[in-house]
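# Understanding the architecture of this molecule
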Amino acid sequence: MDKILFYGMTGEKMCFQHILLNALDFHEAGKEVKIIFEGASVKLVPLFEEEKNPLYLKSKELGLIAGICLACSKVMEVYDQNLATGILMLDDMKGHAGMKDYVDKGYMVVSM
């Protein structure tokens, strides 16, 4: 297990904090890690930006955040704020952020 994709679905801040903690932990252990904001979690991006969340900012700085779901950002009405972050908006699965490409590249998917 050298490649891990954390596929965050929850809009609960504390739950997503654990995604960030685990992603950083695995990264520091030398694993290839990516994080996708999907579902309700897309609402957390503007919150993390506004509060300058250190775990989020470190993950962003290290390039661990692969992207944010475009369709969910629009439905949850945070598209403009998410676009302004400079993080890639993902729409490879009928407008949503898919897992398939990561699985094909050997990533283990952890969905929370």
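The notes below deal with the structure included here. (Residues numbered from 1 in each chain as written. Predicted model: local features only at pLDDT ≥ 70, side-chain atom pairs only at ≥ 80, totals over all residues. Heavy atoms only, no water.)

Time to look at the environment of Gly8. Summarising the element assignment, Gly8 is placed in strand S1 (residues 3–8). Residue Gly8 is classed as buried on the basis of its relative accessible area, which comes to 0%. It is 8.2 Å that separates the C-alpha atoms of Gly8 and Val110, two residues lying 102 residues apart in sequence. In this structure Gly8 touches Phe16, Ile19, Ile36, Phe37, Glu38, Ser41 and Met112, once residues within four positions along its chain are discounted. (Helix = DSSP H or I, 4+ residues; strand = E, 2+ residues; numbered from the N terminus. Buried < 20%, exposed > 50% of the residue type's maximum accessible area, 1.4 Å probe, protein only. Contact = heavy atoms within 4.5 Å.)

Residue placement: Gln17 occurs in helix H1 (residues 13–28). For Gln17, a relative accessible area of 16% puts it in the buried group. Residues Gln17 and Leu55, 38 residues apart in the sequence, show an inter-C-alpha distance of 7.4 Å. When near neighbours in sequence (up to four residues on either side) are disregarded, Gln17 contacts Phe48, Asn53 and Leu55. A distance of 2.7 Å separates a polar atom in the side chain of Gln17 from a polar atom in the side chain of Asn53. (Polar contact = N/O pair within 3.5 Å; in protein donor to acceptor, adjacent residues only side chain to side chain.)

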